[in-house]
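# Structural features, examined
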Amino acid sequence: MKEAYVLDQNFENIDCSQLEKGEYENCTFRNCNFEYINLSGFSFTDCEFIECNLSMAKLISTAFWEVNFKECKMFGLEFSNCNEFGMSFTFECCSLNNSIFYQTSIKKTVFKNSRLIEVDFTECDLSNAIISNCDLSGAVFDSTNLEKTDLRTSFNYSIDPALNRLKKARFSLSEVYGLLYKLDIEIDKNS
């Protein structure tokens, strides 16, 4: 059975459970529901997802190339199951709580004004990424490459410098205690 090829389409206010498996290029999905939907084997190229719910969608071998997510709810997504070849996306004002990026290479990815609560970045390559004004409460960084990553405006992170690569990473002075938490020292923020 031949898979669909969909070009330059706009999808708005739909339940995507009947979305045909295939390749979607230069498409916009606005206020669409992908919650719990099996997107395995789908390909999205130069697509935009705006105000969509993708929580708990199945992403086995799903391809995301130059995809923008804006104001999306994306709880519990396993990006580590995606097709890693050419994977690139940006996230703006999204909630990615409990999502998994285990062992993914997502260099130069932009996370802006997003909630990354308890996201797993274990063994992830986040080098040259921009993580701007994001809440990283409970996010896991273990053997993560954060070289040249910009975290200056993000907050609530706990990153062990002994377990992660941080060369040339950028942090704000006001949040630097997120790097020192393991030392069990007290830092006077008023000094």
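Data block above holds the structure.
Residues numbered from 1 in each chain as written. Predicted model: local features only at pLDDT ≥ 70, side-chain atom pairs only at ≥ 80, totals over all residues. Heavy atoms only, no water.

Before going further, it helps to spend a moment on the overall build of the protein. Secondary structure assignment for the protein yields one helix and eleven strands. Counting from the amino terminus, helix and strand elements in the protein follow one another as β-β-β-β-β-β-β-β-β-β-β-α. For 191 residues, the compact-globule estimate of 2.2 N^0.38 gives 16 Å, and the C-alpha radius of gyration of the protein, at 18 Å, lies within 12% of that figure. With the C-alpha coordinates of the protein rotated into their principal frame, the extents come out at 65 × 30 × 25 Å. Each of the 191 residues in the protein was classed as buried or not, and the buried ones make up 46%. (Helix = DSSP H or I, 4+ residues; strand = E, 2+ residues; numbered from the N terminus. Rg over C-alpha atoms; globule rule 2.2 N^0.38 Å. Buried < 20%, exposed > 50% of the residue type's maximum accessible area, 1.4 Å probe, protein only.)

Moving on to the environment of N113. Within the fold, N113 resides in the loop between β10 (110–112) and β11 (130–132). The class for N113 is partly exposed, based on a relative accessible area of 31%. Distance in space between the C-alpha atoms of N113 and D150 is 13 Å, their sequence separation being 37 residues. In contact with N113, other than residues within four places in its own chain, are C93, C94, S132, N133 and C134. (Contact = heavy atoms within 4.5 Å.)

Residue placement: S43 occurs in strand β5 (residues 43–45). With a relative accessible area of 14%, S43 lands in the buried category.

With that settled, consider the nonpolar core. Among the nonpolar cores identified, the biggest contains 53 residues, and F29, F49, F69, F79, F101 and F111 are the most heavily contacted of them. Of all elements in the fold, only β1 (4–7), β8 (67–70) and β9 (89–92) reach the threshold of two or more residues within this core. Apart from residues no more than four positions distant in its own chain, F29 is found in contact with F11, L19, Y24, F34, F44, C47, E48, F49, I50 and C52. (Core = buried A, V, L, I, M, F, W, Y, C linked by side-chain atoms within 4.5 Å.)

As a further point, take the sheet that holds strand β4 (residues 28–30). On the basis of which strands lie adjacent, the open sheet formed by seven strands has the order β2-β4-β6-β8-β9-β10-β11 and parallel pairing. On the outer flanks of this sheet lie β2 (10–12) and β11, each paired with one strand and no other. The mean angle between the axes of side-by-side strands here comes to 10°, regardless of whether they run parallel or antiparallel. Sheet topology note: the β10/β11 ladder contains three bridges and is parallel. If you follow F111 over to β11, its bridge partner there is I131. (Pairing = 2+ DSSP bridges. Axes fitted to C-alpha atoms, helices over the stretch in contact; angles between N-to-C directions.)

This paragraph deals with the packing of aromatic side chains. On inspection of all chains with the given rule, the structure shows 29 aromatic pairs. Seen in terms of ring centroids, F101 and F121 are 5.4 Å apart; in terms of plane orientation they differ by 15°. Their pairing is stacked. Of this pair, F101 sits in the loop between β9 and β10 while F121 sits in the loop between β10 and β11, and the two are 20 residues apart along the sequence. (Phe/Tyr/Trp six-rings, centres within 6.5 Å; stacked < 30°, edge-to-face > 60°.)

For the rest of this paragraph, the subject is the pattern of salt bridges. One pass over the structure, following the stated rule, counts four salt bridges. Notably, a salt bridge pairs D125 with K107, separated by 3.8 Å at the nearest N-O pair. One end of the pair, D125, is in the loop between β10 and β11; the other, K107, is in the loop between β9 and β10, with 18 residues separating them in the sequence. Overall, D125 belongs to the buried group, its relative accessible area being 16%. Here D150 ties to R152 by a salt bridge, and the two come within 2.7 Å at their closest N and O atoms. (Salt bridge = Lys/Arg side-chain N within 4 Å of Asp/Glu carboxyl O.)

Let us now look at the side chain of D125. For D125, the side chain forms a polar contact with the side chain of N145, separated by 3.4 Å. Residues within four places of D125 in sequence aside, it is in contact with T104, S105, I106, K107 and N145. (Polar contact = N/O pair within 3.5 Å; in protein donor to acceptor, adjacent residues only side chain to side chain.)

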